[in-house]
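Tertiary structure, described
Chain residues, written in single-letter form:
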Amino acid sequence: MLEISRVEKAYEGRNVVDDLSLAIKKGTVFGFLGPNGAGKTTTIKMIVGLSRPDAGTIRLEGRTPQDPAMRAMIGFMPEAPYFYEYLTGLEFLKFCDSLFPEIDRKPDAVYTKTLAEVGILNAANRLIRTYSKGMRQRLGFAQAVIHDPDYIFLDEPLDGLDPIGRRELKEIIKTLKSRGKTIFFNSHILFDTEELCDEIGIIHQGRLLYSGPIGHFTKGKSLEERFVETVKAASPAKA
Amino acid sequence: MKNILVIAQNTLKETIRDRILYGIMAFAVVFLMFTVFLGSISLGEDLAVIRNLGLAGIYFFGMVVTIFLGASLMYKEFEKRTLYFILSKPVRHRDVIWGKFLGLVSSVTLTTILMAVVYLAVVAAKGGGVDAVVLEAIALQIAEMGLFVALTIFFSTIAAPLASTLYAILVLYIGHSLSLLTSAVKTKPVIVQKIVLVIYYLFPNLEKFNIRNSVIYGIRIPWPELFLSLAYAIVYIILLLLAATAIFKEREL
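Residues numbered from 1 in each chain as written. Chains lettered and ligands numbered in written order. Predicted model: local features only at pLDDT ≥ 70, side-chain atom pairs only at ≥ 80, totals over all residues. Heavy atoms only, no water.

**Notes on the overall build of chain A**
A count of helical and extended segments in chain A gives nine helices and nine strands. Against the globule reference of 18 Å for 239 residues, chain A gives a C-alpha radius of gyration of 18 Å, in line with a compact fold. Principal axes of the C-alpha set define a box for chain A whose edges measure 55 × 40 × 35 Å. Looking at chain A as a whole, 54% of its 239 residues are labelled buried. Only carbon and sulfur atoms are counted for the fraction: they give 50% of the accessible area of chain A, which is about 10,500 Å². Of the side-chain charges in chain A, 33 are positive and 32 negative, and the distance between the mean point of each set is 1 Å. (Helix = DSSP H or I, 4+ residues; strand = E, 2+ residues; numbered from the N terminus. Rg over C-alpha atoms; globule rule 2.2 N^0.38 Å. Buried < 20%, exposed > 50% of the residue type's maximum accessible area, 1.4 Å probe, protein only. Areas by Shrake-Rupley, 256 points an atom, 1.4 Å probe, with all protein chains shown as cover. Lys, Arg positive; Asp, Glu negative; His and termini not counted. Charge placed at Lys NZ, Arg CZ, Asp CG, Glu CD.)

**Quick look at the side chain of His204 of chain A**
Residue placement: His204 of chain A occurs in strand 8 (residues 199-204). If sequence neighbours within four positions are ignored, His204 of chain A has contacts with Pro35, Ala38, Leu209, Val231, Ala234 and Ser235 of chain A. (Contact = heavy atoms within 4.5 Å.)

**Notes on unusual backbone geometry**
Residue and element names in this part refer to chain A. Positive phi is not limited to glycine here, since Arg6 has a value of about 50 degrees. Structurally, Arg6 is set in strand 1 (residues 2-11). For Arg6, a relative accessible area of 53% corresponds to the exposed category. The backbone of Glu12 sits at a positive phi, close to 50 degrees, despite the residue not being glycine. On the secondary structure map, Glu12 appears in the loop between strand 1 and strand 2 (14-24).

**Comments concerning the nonpolar core**
In this structure, Phe92, Phe141, Phe153 and Phe184 of chain A are the most contacted members of the largest nonpolar core, which totals 147 residues. Here this core takes 15 residues from helix 6 (residues 132-156) of chain B, the largest share from any one element. Setting aside anything within four residues of it in sequence, one finds Phe92 of chain A in contact with Phe83, Tyr84, Leu87, Ile128, Leu139 and Gln143 of chain A together with Phe85 of chain B. (Core = buried A, V, L, I, M, F, W, Y, C linked by side-chain atoms within 4.5 Å.)

**Regarding the packing of helix 7 (residues 161-184) of chain B against helix 8 (residues 190-202) of chain B**
Residues and elements named next belong to chain B. The N-to-C vectors of helix 7 and helix 8 enclose an angle of 145 degrees; their axes lie 10 Å apart at closest approach. Crossing hand, helix 7 versus helix 8: left-handed. Mapping the contact onto sequence places Ile174, Leu178, Leu181 and Thr182 in helix 7 and Val196, Ile199 and Tyr200 in helix 8. Looking at the contact of helix 7 with helix 8 residue by residue, the class counts come to six nonpolar, one polar and no charged. (Axes fitted to C-alpha atoms, helices over the stretch in contact; angles between N-to-C directions. Left-handed = near helix turned anticlockwise from the far one by under 90°. Nonpolar A, V, L, I, M, F, W, Y, C, P; charged D, E, K, R; others polar.)

In structure tokens form, the structure reads like this:
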């Protein structure tokens, strides 16, 4: 279980995440939604240990993100990922996998299978500097799941993908969900979120506006309609 | 330790595939060949000129590679956010710093050895042999470059590549002028001498690694002195990398 309790984070005196509390059960697909600059990326960075909260606690199965044992349980895909340009996709995947403890040397077939699943097997031995934006996105996803983690955190995973790529990645997320994986992803693509998630959280200006099952939130309306209503209601009226 | 080696291997792979490294190496090889011509116009001192300029060339191009790659190494990790991949895994900050250091040192050592092979081939072609002191000089150059890699990694955790490069060049200049500086202030007021003393202990004394003159005259360096210089480099490197790790840990990504 992922437990976020009263977390705060400020940059240059401005609260980017303000008193955030969330509890996400194992096996849940959780969509974290919000407009640009709402605090989604800051939150996910704190969860995966890239940034420390100013206040509050984050625990995954009782461990904090500063504990390497916690980070061994997770996979993370950053938003618009950058790579080591002079490595090949296959080399990069092996590099990422080898940073986990007690992982036996895997045969190349394991890596090529993952690259095939995300649709870039034909570019496995090409330098990453020749990859398109969509291919980089797919490689970023591959490195997040290569060590078969129980918890997967994805920051805008469907950004930069064409419709076919989005469809393929969504199918992989559904397969991971059917295998009992817990998936937390940031997104502002509401249609895809509706299709994939069991639960959602809505954040705006650093404050959590809703957290819970998607059906309770939409109440018969479309997710987009309810999302816009909720965010507008929480925004200060323009002069 | 495993993660340090994995990151080192990755850094080595990344740096030796950088095309700019090949550009610098091509210049170095051309320069080493050119020393033959310079030797031929030196009125019978061919070998001394080739040895002197050759070692200076290895040093110069080695330093260019070190400063160029070292200054941007950590900065690129921050700026391009490739650190997100590494630090979201069970990797500690110190693993990143030490891994980057070992990877870059390996890369710099490989390029120095390559230049040394060309240098020794040129010397042999002109009838010279391989003296132990030549190998000692190259070993000390590698130690100095190791110290410099640590220094550029330290600077690049706190500054942009251009500033890191300038700081590194400044330290290079001061580090080679410390002995001159201390003798120049012997007749100056005590306060000036004290300031220079602080500078003397704060900056690395890089002249400890310069035995190029001994190579020309074929004078061996006593083993204790050699080991002391290597130990000096190791202690300095450890202190710099500890400081770099402490800064890196506190830095917001």
